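Chain by chain, the residues run as shown.
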Amino acid sequence: MRVLRVAWPNLPHSRAACTVWGRAARAVAQGTAAAMMAVSILAGPSLAQGAGSSDYQFELVERELKQGYGAVLTVRLVHRATGKVVPGAVVFISRLDMSPDGMGEMTAPLEPVPDVLPGYFRFETDLVMEGDWSLVLMAKLPDADGYVRGKLIVTAVP
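Residues numbered from 1 in each chain as written. Predicted model: local features only at pLDDT ≥ 70, side-chain atom pairs only at ≥ 80, totals over all residues. Heavy atoms only, no water.

1. Quick word on the confidence of the model for the protein
Working step 1: Across the protein, pLDDT averages 75, with 67% of residues at or above 70.
Working step 2: Within the model, pLDDT remains below 50 along residues 1-51, and this stretch shows 31 contacts once partners closer than five positions in the same chain are excluded. (pLDDT = per-residue confidence, 0-100. Contact = heavy atoms within 4.5 Å.)

Below you can see the structure in the form of structure tokens.
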């Protein structure tokens, strides 16, 4: 790894000072690399999916929801080949934002709501703006290797 040494005007220009700043830069670079690796694992479908997990997909029950507070999103996890709902998955990552409309910083809270049907997941949220919202989910199935990742588009209508 190549470390750039930067001399700031009010810092001593000794070899010891450069070594200290070099170590600090290396620590920051390693921390950044670790953070980038974690993001790529979560964001990249090819890295997040292992053998067998690509056989499953998330589907929205309703694509359009009424804009406002207390909207309930319902998603099911299905086996691609059979179209049957798959019970037993555990959703451990969920995010809702307006990235399809170019406003990725506009997020909404997602609170899991208990559901009586196995393989269905419900989330209560506040859709404060009308438009397209991106729902990102990641789940672990007990019998499949890897993780199932889904990105779905929900439209909030007035």
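2. Observations concerning the sheet that holds strand 6 (residues 110-113)
Working step 1: Ordered in space as 1-3-7-6, the 4 strands form an open sheet in which the pairing is antiparallel. Strand pairing shows two members of the sheet lacking a second neighbour, strand 1 (56-60) and strand 6, which therefore form its edges. Strand-to-strand twist of the sheet, defined as the mean angle between neighbouring strand axes without regard to direction, takes the value 30 degrees.
Working step 2: Sheet topology places strand 1 next to strand 3 (residues 68-79); 5 bridges connect them, and they run antiparallel. Looking at strand 3, one finds that Glu59 is bridged to Arg76. (Pairing = 2+ DSSP bridges. Helix = DSSP H or I, 4+ residues; strand = E, 2+ residues; numbered from the N terminus. Axes fitted to C-alpha atoms, helices over the stretch in contact; angles between N-to-C directions.)

3. A word on the packing of aromatic side chains
Working step 1: Going through the model one piece at a time under the given rule, you end up with 2 aromatic pairs.
Working step 2: One Lys or Arg, Lys140, reaches over the ring of Tyr147 and ends 5.6 Å from the middle of that ring. (Phe/Tyr/Trp six-rings, centres within 6.5 Å; stacked < 30°, edge-to-face > 60°. Lys NZ or Arg CZ within 6 Å of the ring centre and 35° of its normal.)

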